[in-house]
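# Topology and contacts: notes
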Amino acid sequence: MIISKTEFLYRAQTDQETLQLWISEEWIAPQGPDTEPEFSEADLARAGLIRNLQQDLGVNTEGVGVILNLLDQIHSLRWALSSRLRAGETESESGT
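The sections below set out a description of the structure shown in this document.

Criteria and cut-off values
- Residues numbered from 1 in each chain as written.
- Predicted model: local features only at pLDDT ≥ 70, side-chain atom pairs only at ≥ 80, totals over all residues.
- Heavy atoms only, no water.
- Phe/Tyr/Trp six-rings, centres within 6.5 Å; stacked < 30°, edge-to-face > 60°.
- Helix = DSSP H or I, 4+ residues; strand = E, 2+ residues; numbered from the N terminus.
- Buried < 20%, exposed > 50% of the residue type's maximum accessible area, 1.4 Å probe, protein only.
- Patch = residues over 30% accessible without salt bridge, like charges linked within 9 Å, V, L, I, M, F, W, Y side chains within 5 Å.
- Areas by Shrake-Rupley, 256 points an atom, 1.4 Å probe, with all protein chains shown as cover.
- Salt bridge = Lys/Arg side-chain N within 4 Å of Asp/Glu carboxyl O.
- Axes fitted to C-alpha atoms, helices over the stretch in contact; angles between N-to-C directions.
- Parallel < 35°, antiparallel > 145°, perpendicular 65-115°, else oblique.
- Left-handed = near helix turned anticlockwise from the far one by under 90°.
- Contact = heavy atoms within 4.5 Å.
- Nonpolar A, V, L, I, M, F, W, Y, C, P; charged D, E, K, R; others polar.

## Details of the packing of aromatic side chains
By the definition in use, this model includes 1 aromatic pair. Between F8 and F39, the aromatic rings sit 4.3 Å apart at their centres with planes inclined by 20 degrees, giving stacked as the arrangement. Taken as a pair, F8 in helix α1 (residues 5–12) and F39 in the loop between α2 (16–24) and α3 (41–56) lie far apart in primary sequence, 31 residues in all. Here the two residues F8 and F39 agree in accessibility, since each one is buried.

Right, dumping it as structure tokens:
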């Protein structure tokens, strides 16, 4: 589902300045042109995580970047492992 910038700001409970910081830090990566960025549900969930890290846990800007980077790495590794396991299952089913 595509979310407009206005709707994203409302649903993420944030302001334009904060969103611009998140984009410049590459914590949120909207699609489309800068004049009309499009956000996804994943971007919205990530905004909630960022807000929780900063407001609820008191994580500073550098810490948020580190945490998001590590989470991205974990998701990439899970995807790669899942792909490899599926490939292995396909090989065993075909008898190779």
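## What about unusual backbone geometry?
A positive phi angle, near 55 degrees, is found at Q13, a position not held by glycine. Residue placement: Q13 occurs in the loop between α1 and α2. According to the relative accessible area criterion, Q13 is exposed, its value standing at 62%. With a phi close to 65 degrees, E26 is a non-glycine residue in the positive phi region. Here E26 shows up in the loop between α2 and α3. For E26, a relative accessible area of 67% translates into the label exposed.

## A short note on a nonpolar patch on the surface
Residues L49, L71 and I74 make up a contiguous nonpolar surface patch of about 210 Å² in total accessible area. Along the chain, the position of I74 falls in helix α4 (residues 61–94). Exposure remark for I74: the relative accessible area of 45% places this residue in the partly exposed category.

## Considering the packing of α3 against α4
Packing of α3 against α4 brings their axes to within 10 Å, and their N-to-C directions diverge by 135 degrees. What the angle tells us is that α3 and α4 run oblique. At the point where α3 passes α4, the crossing takes the right-handed sense. Between α3 and α4, the residues in contact are R46, L49, I50, L53 and Q54 and T61, V64, I67, L68, L71 and D72, respectively. A class-by-class count of the residues in the contact of α3 with α4 yields 7 nonpolar, 2 polar and 2 charged.

Everything listed here is a matter of geometry and, on its own, says nothing about what the molecule does.
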